[in-house]
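One-letter residues, chain by chain:
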Amino acid sequence: MTDKTDKRLLAALQENAHLTAHELGEILNLSASQAGRRRQKLEAEGVIRGYTARLDPRLLDLTVQGFVQVHLGIHGPEHSASFARLIANRAEIVSAWTMTGDADYLLRVYCEDLPALNRLIHEVLLPHKAVARVHSQIVMDQLKRDGPLPV
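Okay, so let's go over this structure.

What counts, and at which threshold
Residues numbered from 1 in each chain as written. Predicted model: local features only at pLDDT ≥ 70, side-chain atom pairs only at ≥ 80, totals over all residues. Heavy atoms only, no water. Helix = DSSP H or I, 4+ residues; strand = E, 2+ residues; numbered from the N terminus. Rg over C-alpha atoms; globule rule 2.2 N^0.38 Å. Buried < 20%, exposed > 50% of the residue type's maximum accessible area, 1.4 Å probe, protein only. Axes fitted to C-alpha atoms, helices over the stretch in contact; angles between N-to-C directions. Parallel < 35°, antiparallel > 145°, perpendicular 65-115°, else oblique. Contact = heavy atoms within 4.5 Å. Nonpolar A, V, L, I, M, F, W, Y, C, P; charged D, E, K, R; others polar.

1. Description of the overall build of the chain
Helix and strand counts for the chain stand at five helices and four strands. For the chain, the succession of helices and strands along the chain, N to C, is α-α-α-β-α-β-β-α-β. A compact globule built from 151 residues would reach a C-alpha radius of gyration of about 15 Å, whereas the chain, at 20 Å, exceeds it by more than 25%. Judged by the C-alpha coordinates and their principal axes, the chain covers about 55 × 35 × 25 Å. Here the chain holds 151 residues, and 31% of them are scored as buried.

2. Let's talk about the packing of helix H2 (residues 21-28) against helix H3 (residues 32-44)
The geometry of H2 relative to H3 is characterised by a closest axis approach of 7 Å and an angle of 100° between their N-to-C directions. The orientation of H2 with respect to H3, classified from their angle, is roughly perpendicular. When H2 is examined against H3, the residues Ala21, His22, Leu24 and Gly25 are found in contact with a partner set consisting of Ala32, Ala35, Gly36 and Arg39. Among the residues forming the contact of H2 with H3, the class breakdown is four nonpolar, three polar and one charged.

So far we have only geometry, and geometry alone does not tell us how the molecule works.
What follows is the structure in structure tokens.
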């Protein structure tokens, strides 16, 4: 269970994961050692899964962001596992969800350009034996960045 202080610590780290124990202590009105121990506890419990850098896709020539809905024609554990292995090995697929509703999966992709997105759909996704169809949507603008979790 997290208390109010842990939640404040988590909120601060979501804004700046580089905060030192001393800086966290100042924010939380704790000593650096107390703040450091709280962070370590949250890491050990798996509440904090890791630390990553947030990159600007445009500066990396990833000019097309899209969402791809995947509809399976064949269902079953072996097909789901096979599809999961396929998408796990594709760097341009940055996240994937199983969904309720019409589509079975929703993929978030970043590609260099439209031909790269076309290749991903027609040469990777559609040839999979369980995939019946895909529906892609290209992001025109992202109004809100992937934000911190509401803690």
